Amino acid sequence: MNFQQLRIIRESARCNYNLTDVASMLFTSQSGVSRHIRELEEELGVEIFIRRGKRLIGMTEPGKALLTVAERILSDANNIRRIADVFANKDSGELSIVTTHTQARYSLPAVIKEFRELYPRVRLVLNQGSPEEIVAMLQSGEADVGIASEKLMSEEQLAAFPYYRWHHAILVPEEHPLTKEAEITLETLSQYPLVTYRRGITGRSRLDVAFQAAGLKPEVVLSAQDSDVIKTYVELGLGVGLLADMSYNRERDTGLVSINAEHLFEANTVWLGVKRGQLQRKYAWRFIQLCNPQLTLTEIEEQILAPYSSEPALDYQI
């Protein structure tokens, strides 16, 4: 048994058992992935995956148990690699942040600029992904800090801190009929084709819940992953945009008008997530504090080190 085999088990679950994607993620060949799986099953004497012909479609019960152990072993190995670096380099190194496009584009630039001024010797790595991908990268130790929606709050392995609250806004071209409405209702809004986020990101569930509660079924003609795409198609007249209010800039988004929609949809909270017990240099905690100045470094430290199970949290911190 070796670490590569354990990585293959982990990535297979993440990639929905698509071995081509697993091979791509691990920079190896599909035949190599298949060989590692076969050799591990032969060594253990059990089948790890459920198969349909040559395709993997799921995990057996032994496979699920092995996945849990593999996640823990790979996480511990990652911490071992961090130890020397953590103690040797207090104000230099690398900080890996994973977030959604909207946060990377609109809320983080000012924070990252301030962080760089404080820690010029720290290399920043900024990755983008869905909330599910963000959680997976935090749990595996591939990212230090994750920034996303409420999904970070529901994961026991993660310590979550509030970042800020935001609302959806209505975006239309200038002279659109909605700009002349005294107060827009959900019923009025549902009469227009809508352009908004795809399901699972940037508070899309808040929109769906509001329309459903009102007994309305609006026509979403385009679902996109980021705000810039939404704005582009609103400009083209494809429909009325529903997007995060902070993504609109009056000077930059000329020809478009943002209309307040706080009375229509519930507010959203963006959260900062860190894996509990993962070795971190203090500048990772300082980054969190820059995002939310109301937090103290002591509060951040205590929450990150608080155990989520019977196992003690690591306390190797600088």
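What this report covers is the structure whose coordinates are included nearby. (Residues numbered from 1 in each chain as written. Predicted model: local features only at pLDDT ≥ 70, side-chain atom pairs only at ≥ 80, totals over all residues. Heavy atoms only, no water.)

Description of the packing of aromatic side chains
For the record, the criterion: Each pair of aromatic rings taken from Phe, Tyr and Trp, with Trp reduced to its six-membered ring, is defined by centres within 6.5 Å and is described as stacked if the planes are under 30 degrees apart, edge-to-face if over 60, and tilted in the remaining cases. Helix and strand definitions follow DSSP, with helices as H or I runs of at least four residues and strands as E runs of at least two, each counted in order from the N terminus. Under the scheme applied here, a residue whose accessible area is under 20% of the maximum for its type counts as buried, over 50% as exposed, and between as partly exposed, the area being computed with a 1.4 Å probe on protein chains only.
In the structure shown here, the tally under the stated rule is seven aromatic pairs. On the numbers, 6.1 Å between centres and 75 degrees between planes, the contact of Tyr 17 with Phe 49 is edge-to-face. Taken together, the residues Tyr 17 in the loop between α1 (3-14) and α2 (19-25) and Phe 49 in strand β1 (residues 49-52) connect sequence positions 32 residues apart. Each of the two residues, Tyr 17 as well as Phe 49, counts as buried.

Details of the pairing of strand β2 (residues 55-59)
Inclusion rule: Note on pairing: DSSP must find at least two bridges between two strands before they are called paired.
Here β1 runs beside β2; their pairing, made up of four bridges, is antiparallel. Of the residues in β2, the one forming a bridge with Ile 50 is Gly 58.

Section: helix α11 (residues 282-291)
Of all ten residues that make up α11, eight are buried, and the element is covered over most of its length. Listed in full, the buried residues belonging to α11 are Tyr 283, Ala 284, Trp 285, Phe 287, Ile 288, Gln 289, Leu 290 and Cys 291.

Examining unusual backbone geometry
Outside of glycine, negative phi angles account for most residues, and trans bonds account for most peptide bonds. Of note in this structure, Glu 175 is not a glycine but carries a positive phi near 75 degrees. In this structure, Glu 175 sits in the loop between β7 (168-173) and α8 (186-189). For Thr 202, which is not glycine, the phi dihedral falls at a positive 45 degrees. The topology assignment puts Thr 202 in the loop between β8 (194-197) and α9 (204-213). A relative accessible area of 10% places Thr 202 in the buried class.

A word on the packing of α1 against helix α3 (residues 30-44)
Here is the rule: Here, axes are lines fitted to C-alpha atoms. For helices the fit covers the stretch in contact, and angles between N-to-C directions go from 0 to 180 degrees. Reported orientations rely on four angle classes, namely roughly parallel under 35 degrees, roughly antiparallel over 145, roughly perpendicular from 65 to 115, and oblique for the rest. We call two residues contacting when some pair of their heavy atoms lies within 4.5 Å. Lys, Arg, Asp and Glu make up the charged group, whereas Ala, Val, Leu, Ile, Met, Phe, Trp, Tyr, Cys and Pro make up the nonpolar group; the residues left over, Gly among them, are polar.
Packing of α1 against α3 leaves a shortest axis separation of 10 Å and a crossing angle of 105 degrees. On the basis of their axis angle, the class for α1 and α3 is roughly perpendicular. Mapping the contact onto sequence places Gln 4, Gln 5, Ile 8 and Ile 9 in α1 and Val 33, His 36, Ile 37, Glu 39 and Leu 40 in α3. Taken together, the residues of the contact of α1 with α3 sort by class into five nonpolar, three polar and one charged.

With respect to the pairing of strand β12 (residues 268-275)
In terms of burial, β12 is a largely internal element, eight of the eight residues being buried. Side chains of β12 alternate between two faces, with Asn 268, Val 270, Leu 272 and Val 274 and Thr 269, Trp 271, Gly 273 and Lys 275 buried alike. Two elements, strand β5 (residues 145-148) and β12, share three bridges in a ladder whose sense is antiparallel. Paired with Gly 146 across the bridge in β12 is Gly 273. With eight bridges joining them, strand β6 (residues 158-166) and β12 adopt antiparallel strand pairing. Across the sheet, residue Ala 159 finds its bridge partner in β12, namely Val 274.

Details of the sheet that holds strand β11 (residues 256-260)
Read across the sheet, five strands follow the order β9-β8-β10-β7-β11 without closing on themselves; strand pairing throughout is mixed. Edge strands, defined here as strands with exactly one partner in the open sheet, are β9 (220-224) and β11. When strand polarity is set aside, the average angle formed by the axes of neighbouring strands in this sheet is 30 degrees. Sheet topology places β7 next to strand β10 (residues 240-244); four bridges connect them, and they run antiparallel. Each bridged residue has a counterpart across the sheet, and for Leu 171 the counterpart in β10 is Gly 241. With respect to the sheet, α9 is in contact with β7, β8, β9 and β10, its orientation differing from that of β8 by roughly 135 degrees. Its contacts with the sheet put helix α10 (residues 227-235) on β7, β8, β9, β10 and β11, and the angle it makes with β10 is roughly 160 degrees.

Some details on the side chain of Asn 268
Among the structural elements, Asn 268 can be located in strand β12. For Asn 268, a relative accessible area of 2% gives the class buried. Leave out the neighbours within four places in its chain, and Asn 268 touches Glu 150, Tyr 164, Arg 165, Trp 166, His 167, His 168, Gly 203 and Arg 206.

Considering the sheet that holds β6
Here we have five strands laid out as an open sheet, ordered β4-β3-β5-β12-β6, and mixed in their pairing. Because the sheet does not close on itself, it has two edges, and the strands there are β4 (122-128) and β6. For this sheet the average axis-to-axis angle between neighbouring strands, irrespective of direction, equals 20 degrees. The pairing of strand β3 (residues 93-99) with β5 spans three bridges and is parallel. Along β5, the bridge assignment pairs Thr 99 with Ile 147. Each of β6 and β12 touches helix α12 (residues 297-305); the most contacted strand, β6, lies at about 130 degrees to it.

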